[in-house]
Amino acid sequence: MESETEVSLCSQSSGVSDFSDEDVSFMELGSGNYGCSHYRRRCKIRAPCCNEIFDCRHCHNEAKNSLDIDLLDRHDLPRHEVVKVICSLCDTEQDVQQYCMNCGVSMGKYFCTICKFFDDDTSKNQFHCDECGICRTGGKENFFHCKKCECCYSKLMENRHHCLERPMHHNCPICFEYMFDTMKGITILRCGHTIHYKCVKEMGQHHRYSCPICSKSIVDMTHHWEKLDQVIASTPMPETYLSKMVWILCNDCGANSHVQFHIVGHKCQSCKSYNTRQIQGDPTALCTSRVTEIER
C-alpha cells in the first residue's frame, strides 16, 4: 500500500481525449524508463524538509534515516508538503503538476495532487482514500474503509475482521517499520492486530504462533494442544510434585485456572488452550484482599 490522492490515471482537469494522438504519444515519452527502485516516474521531488532532491519520499527516508546520519538529524519527508518537482527529461524545476510546463511530458500516468504522488506503473490500480488521507493500491472496488480501525481493508474481511482502535497506526512488532503506509504486504491476525506478512512467516520458521502484542494464538492450535495432552499423559511428574497446584492465566480467553503443575505445560480449564502463563497466587483472593484494604 502507498499513499497519495484521489486524482486518477490521467490529469484531473483535462482528459487524454483533449489531446491529439501525437500529443499523447509525446506525453508518454520515456514512460517506464525513469524512476527508482520504488516507483517508475518521470520526475524527482525537492524535499521541503531539507531542500534536497530525491527520486521519491522513500529514497529520501532511507537516506535520511540511515545509520550514517546523526540521530538528531534523522527525519521523514512530509509528503503532503512537497511543492516542487523536477522533470526527469528536461530537468525543469516547477510547481507540482502532472505535465511538465517546459517539455509537456507526463511525469506520471497516475498523479495525485493531494499526496503529490506520481507513478507510471498503473497496473497497481492506485486509488486515493479520503479517510486514510493517502493513496492505496489494489483497486478502490476491492477495499473498504473501517471507521473504527481507521484503515482500508480488503472487502473479503468487511464482516470478518476483529475491530481494534487504529491497529495500523503503529510499527510492526517484529521489524518496527510503520504499518499505516508501508509498501509491504500486511496480514491481520485473529486478534485484530496487524503485522507484515513476511514477518509472520518468519515467526513460523521459529515456531512462534502467538501475537507479539497480546500473546493470543494466531492460528488454530487445537491439533497441537491434543498432542500436548498425549505428551503430558505419558510424562508423569515425580511424586514430590503430584500435589503441587498453580494458578494460570490463559492468553487466549483470559480466564484464570487452578491446575496441577506440570513441566510441559498448563491447560486452561475454560478453552482448553495451553497458551497460558503461570501467575502468583489466587487472583480472586488478591482482589478480595485489596477491596478489604480499601474498606479499612
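Chemist: Kindly report on the overall build of the protein chain, identifying the contributing residues and their values.
Modeler: From N to C terminus, the protein chain includes five helices and 15 strands. Per-residue burial over the protein chain gives 38% buried out of 296 residues. A separation of at least 24 residues holds for 42% of the contacts in the protein chain among residues at least 6 apart in sequence. Of the roughly 17100 Å² that the protein chain leaves accessible, carbon and sulfur atoms contribute 50%.

Chemist: Please provide a residue-by-residue account of helix H3 (residues 197-205), values included.
Modeler: All buried positions along H3 are accounted for by Cys-199, Val-200 and Met-203. Taken around the axis of H3, the buried residues stretch over an arc of 100°, which confines them to a single face. With respect to the buried face of H3, the exposed residues turned more than 90 degrees away are Lys-198 and Gln-205. For H3, the secondary structure elements touched by its buried residues are strand S11 (186-188) and strand S12 (194-196).

Chemist: Requested: an account of the sheet that holds strand S1 (residues 43-46), with residues and values cited.
Modeler: Spatially, four strands are ordered S2-S1-S3-S4 in an open sheet, and the strand pairing comes out antiparallel. Each having just a single partner strand, strand S2 (53-54) and strand S4 (93-95) make up the two edges of the open sheet.

Chemist: Give me the nonpolar core: which residues, what numbers.
Modeler: The biggest cluster of nonpolar side chains holds 22 residues, and the ones touching the most others in it are Met-107, Cys-112, Phe-117 and Phe-118. Elements supplying a minimum of two residues to this core: S1, strand S3 (84-87), strand S5 (110-112) and strand S6 (117-119). Sort the elements by how many residues they give to this core and S5 lands first, with three residues. Counting 14 residues, the second-largest nonpolar core is a separate cluster that includes Cys-129, Phe-143, Cys-149 and Phe-180.

Chemist: Please give an account of the state of the cysteines that cites residues and values.
Modeler: Joining two cysteines, a disulfide is a covalent bond between their sulfur atoms. Tallied over the full model, the rule gives zero disulfides. The closest cysteine sulfur to the non-disulfide-bonded Cys-59 is located on Cys-36, 3.7 Å from its own sulfur.

Chemist: Could you give an account of helix H2 (residues 57-64), naming the residues involved and the relevant values?
Modeler: Because an α-helix packs 3.6 residues into every turn, residues spaced three or four apart end up facing the same way. Most of H2 is tucked away: six of the eight residues are buried. The complete set of buried residues in H2 reads Arg-57, His-58, Cys-59, His-60, Asn-61 and Lys-64. The inward-facing, buried residues of H2 abut S1 and S2.

Chemist: Break down the side chain of Gln-126 for me, citing the residues and quoting the values.
Modeler: Inspection of the secondary structure puts Gln-126 in the loop between S6 and strand S7 (127-129). Polar side-chain contacts of Gln-126 include one of 3.1 Å to the side chain of Asp-119. Within polar-contact distance, the side chain of Gln-126 engages the backbone oxygen of Asp-121 at 2.9 Å. Excluding its chain neighbours within four sequence positions, the residues that come into contact with Gln-126 are Tyr-110, Phe-117, Asp-119, Asp-121, Arg-136 and Thr-137.

Chemist: Can you break down the environment of Ser-106 residue by residue, with the values?
Modeler: Residue placement: Ser-106 occurs in the loop between S4 and S5. Separated by 12 residues in the primary sequence, Ser-106 and Phe-118 have C-alpha atoms spaced 9.5 Å apart. Within polar-contact distance, the side chain of Ser-106 engages the backbone oxygen of Gly-108 at 3.2 Å.

Chemist: I'd like a rundown of the layout of surface pockets, residues and numbers included.
Modeler: A volume near 550 Å³ is recorded for the largest pocket. Along the walls of the largest pocket sit 17 residues, with His-58, Asn-61, Glu-177, Tyr-178 and Asp-181 positioned nearest its centre. Considering only residue class, the lining of the largest pocket consists of five nonpolar, five polar and seven charged. Of the volumes computed, that of the second largest pocket is approximately 410 Å³. Around the second largest pocket sit 19 residues that line it, and His-207, Arg-208, Tyr-209, Ser-210 and Asn-275 are the ones nearest its centre.

What counts as what
Residues numbered from 1 in each chain as written. Predicted model: local features only at pLDDT ≥ 70, side-chain atom pairs only at ≥ 80, totals over all residues. Heavy atoms only, no water. Helix = DSSP H or I, 4+ residues; strand = E, 2+ residues; numbered from the N terminus. Buried < 20%, exposed > 50% of the residue type's maximum accessible area, 1.4 Å probe, protein only. Contact = heavy atoms within 4.5 Å. Areas by Shrake-Rupley, 256 points an atom, 1.4 Å probe, with all protein chains shown as cover. Arc of directions from axis to C-beta. Pairing = 2+ DSSP bridges. Core = buried A, V, L, I, M, F, W, Y, C linked by side-chain atoms within 4.5 Å. Disulfide = S-S within 2.5 Å. Polar contact = N/O pair within 3.5 Å; in protein donor to acceptor, adjacent residues only side chain to side chain. 1 Å grid on protein atoms, 1.4 Å probe; cavity = no way out; pocket = protein on both sides within 12 Å on 5 of 7 lines; lining within 4 Å. Points joined across faces, edges and corners; volume = space filled by probe spheres on them. Nonpolar A, V, L, I, M, F, W, Y, C, P; charged D, E, K, R; others polar.

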